[in-house]
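Coordinate analysis (summary)
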Amino acid sequence: MLPDIKSLTRAELESHFKSWGQPAWRVTQLLDWLYTRRVTAWDAMTNLPKGLREKLRENFSLQTIELVRKQGSPDTTQKFLWRLADHSLIESVLIPANPALYGEASDRHTLCISTQVGCAYGCKFCASGLEGWKRNLQPGEILDQVLAIERMQTASGASSKETGRAVDNIVVMGMGEPLANYDNLLKALKILNAPWGGGIGARKITISTSGLAPQIRKLADEPLQFRLALSLHGATDEVRGKIMPVNKKYPLKELVAACEEYQAKKGRMMTLEYILIAGVNDALEQTKPLAALAKKVFAKVNLIPYNIVEGLPWKRPDEDVCERFLEALEKQNVTATLRREKGHDIDAACGQLRLKTEKELAT
């Protein structure tokens, strides 16, 4: 299969065009078609000479992920199931404005994107890894989730009147462990951030991880100011170890040290993601170690009531339990938010829609 043109940086494209005897300004025209007009066919690039279009067609593919299923929600959260060129399925979730999300209170639309087909890390409560890990996404497949949503939302008139964008913020929190696909992820995000690419500010992009300490340290040395979110879900090794196998390789002492190193270099508040699971990590006594950890790594806490996954035993706590947990953190002077009904009714937990669809297709 030919490489996807969207997996190449501007410098890589300029190198190809130079070897073909094409001027550099032709690259600018190509990038405009790819990232501003978001076209899906070579022949749509009408200001490129026909010979150049044929050269591009011979050397690269212009892949477009295919929408398989879309689910809406009363609060306008929308989930998208995509089919890739090899027929693998991945998910993205478009979340409406909410000050409790990742970034400033001016968030308009946040898109949660996937980085892998499946996941190898086996978090006990998560649907993404139930069928194991299949493969890493290529850079073009990662960023095409953003382009496809922008294309669809713009066509339907759903873009922001103020910014003209359909996606204002990106959270890399969908299927897969983002930092296990480090190189492809960073290449995709740099293209999405570039003025010639997606034009989305680095501080509007949040990278999540289940706790890969070496990659957190590596991310700390990146010049771009991407935000970091840690999928914590347990503030002690005892609790976290029961639901997150990654904690055995990178226990909290090592993980916290990596986060402290990250903060020393970046100096920006990070986010601790904490899914509240009934009877597992929602007891009020868990707020004390959680608050201590949040202060140690200069983080805010995002509480997320568990989205029930068919076939798994975990339950969502009652609303009053979640509210008391939030209140207990705030009394300890921790900045904390509680996500309230963002997608609970649309199979919004990572991997749920994919698993359901794969089962349907198999019958």
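Because the structure is predicted, anything quoted here is derived from the model rather than measured.

Next up on the list: the overall build of the protein chain. Of the regular secondary structure elements, the protein chain holds 12 helices and 12 strands. Counting the 363 residues in the protein chain, one finds 55% classified as buried. The contacts in the protein chain between residues at least 6 apart in sequence include a share of 67% that link residues at least 24 apart. On the protein chain, roughly 15300 Å² of surface is accessible, and the fraction owed to carbon and sulfur atoms is 53%.

This part covers the environment of I277. By secondary structure assignment, the location of I277 is in the loop between strand 10 (270-276) and helix 10 (287-296). In this structure, the C-alpha to C-alpha distance between I277 and C322, residues 45 residues apart in sequence, is 9.6 Å. In contact with I277, not counting residues within four places along its chain, are F125, I243, D282, Y306, W314, K315 and P317.

Reading across the sheet, the 10 strands line up as 1-2-3-4-7-8-9-10-11-12 and stay open at both edges, with mixed pairing between neighbours. Because the sheet does not close on itself, it has two edges, and the strands there are strand 1 (66-71) and strand 12 (336-338). Looking at each pair of strands side by side, their axes are set apart by 20° on average, direction ignored. Contacts between helix 11 (residues 319-331) and the sheet are confined to strand 10, strand 11 (299-305) and strand 12, with strand 12 contributing the most and set at about 170° to the helix.

Counting buried residues along strand 3 (residues 89-96), 8 of its 8 residues qualify, which places the element largely inside the surrounding structure. Of the two faces of strand 3, the one holding L89, E91, V93 and I95 and the one holding I90, S92, L94 and P96 are both buried throughout. The pairing of strand 2 (residues 78-83) with strand 3 spans 6 bridges and is classified as antiparallel. Bridging across to strand 3, L81 finds its partner in E91. Hairpin connection of strand 2 to strand 3: 5 residues between the antiparallel strands, including H87 at a positive phi of 75°.

Turning next to the confidence of the model for the protein chain. When pLDDT is averaged along the protein chain, the result is 90, and 88% of the positions lie at 70 or above. Under a pLDDT of 50 for its full length, residues 102-107 has, in the predicted model, 20 contacts with residues more than four places off or in other chains.

A few words now on the packing of helix 6 (residues 213-220) against helix 9 (residues 252-266). Closest axis-to-axis distance for the helix 6/helix 9 pair is 9 Å, and the angle between their directions is 5°. If you check the angle between helix 6 and helix 9, you find them roughly parallel. Where helix 6 abuts helix 9, its residues A213, I216, R217, L219 and A220 lie against E254, L255, A257, A258, C259, E261, Y262, K265 and K266. Within the contact of helix 6 with helix 9, the residues separate by chemical class into 9 nonpolar, no polar and 5 charged.

Mapped onto the fold, Q286 is located in the loop between strand 10 and helix 10. The exposure class of Q286 is buried, given its relative accessible area of 13%. Once you skip the residues sitting within four places of it in the chain, Q286 turns out to touch A235, T236, V239, Y274, N281 and F325.

A few words on the state of the cysteines. Within this structure, the stated rule accounts for 0 disulfides. The structure places no disulfide on C119, whose sulfur is separated from the nearest cysteine sulfur, that of C123, by 6.4 Å. A disulfide-free cysteine, C123 has its sulfur positioned 6.1 Å from the sulfur of C126, the nearest such atom.

Let us look at the side chain of E150. Its location among the elements puts E150 in helix 4 (residues 139-155). With near-sequence residues (within four places) excluded, E150 lies in contact with R38, R165, A166 and V167.

It helps to recall that an α-helix has 3.6 residues per turn; residues three or four apart then point in one direction. Along helix 3 (residues 50-59), the residues that are buried comprise L52, R53 and L56. One face of helix 3 carries all of its buried residues, which in axial projection span an arc of 100°. Opposite the buried face of helix 3, by more than 90 degrees, sit the exposed residues K50, G51 and E58. Buried residues along helix 3 sit in contact with helix 1 (10-19) and helix 2 (25-36).

Applying the stated rule across the entire model yields 20 salt bridges. Salt-bridge contacts for R135 lead to E141; the nearest nitrogen and oxygen are separated by 2.9 Å. Judged by its relative accessible area of 9%, E141 is buried. Salt-bridge contacts for K265 lead to D221; the nearest nitrogen and oxygen are separated by 2.7 Å. Of the two residues, K265 sits in helix 9 while D221 sits in the loop between helix 6 and strand 9 (227-231), which places them 44 residues apart along the sequence. Among the ionic contacts, a cluster of salt bridges with common partners joins D43, R53, E54 and R57.

So, on to the nonpolar core. Ranked by internal contacts, the top residues of the largest apolar core, which has 98 residues, are L30, L272 and V301. Counting residues per element, this core draws most heavily on helix 5 (residues 182-193), which supplies 7 residues. When sequence neighbours within four positions are dropped, the list of residues in contact with L272 reads L230, L232, L290, L293, A294, V297, A299, K300, V301 and N302. Within the second largest apolar cluster, 6 residues are counted, among which are V93, I95, C112 and V171.

Conventions and cut-offs
- Residues numbered from 1 in each chain as written.
- Predicted model: local features only at pLDDT ≥ 70, side-chain atom pairs only at ≥ 80, totals over all residues.
- Heavy atoms only, no water.
- Helix = DSSP H or I, 4+ residues; strand = E, 2+ residues; numbered from the N terminus.
- Buried < 20%, exposed > 50% of the residue type's maximum accessible area, 1.4 Å probe, protein only.
- Contact = heavy atoms within 4.5 Å.
- Areas by Shrake-Rupley, 256 points an atom, 1.4 Å probe, with all protein chains shown as cover.
- Pairing = 2+ DSSP bridges.
- Axes fitted to C-alpha atoms, helices over the stretch in contact; angles between N-to-C directions.
- pLDDT = per-residue confidence, 0-100.
- Parallel < 35°, antiparallel > 145°, perpendicular 65-115°, else oblique.
- Nonpolar A, V, L, I, M, F, W, Y, C, P; charged D, E, K, R; others polar.
- Disulfide = S-S within 2.5 Å.
- Arc of directions from axis to C-beta.
- Salt bridge = Lys/Arg side-chain N within 4 Å of Asp/Glu carboxyl O.
- Core = buried A, V, L, I, M, F, W, Y, C linked by side-chain atoms within 4.5 Å.

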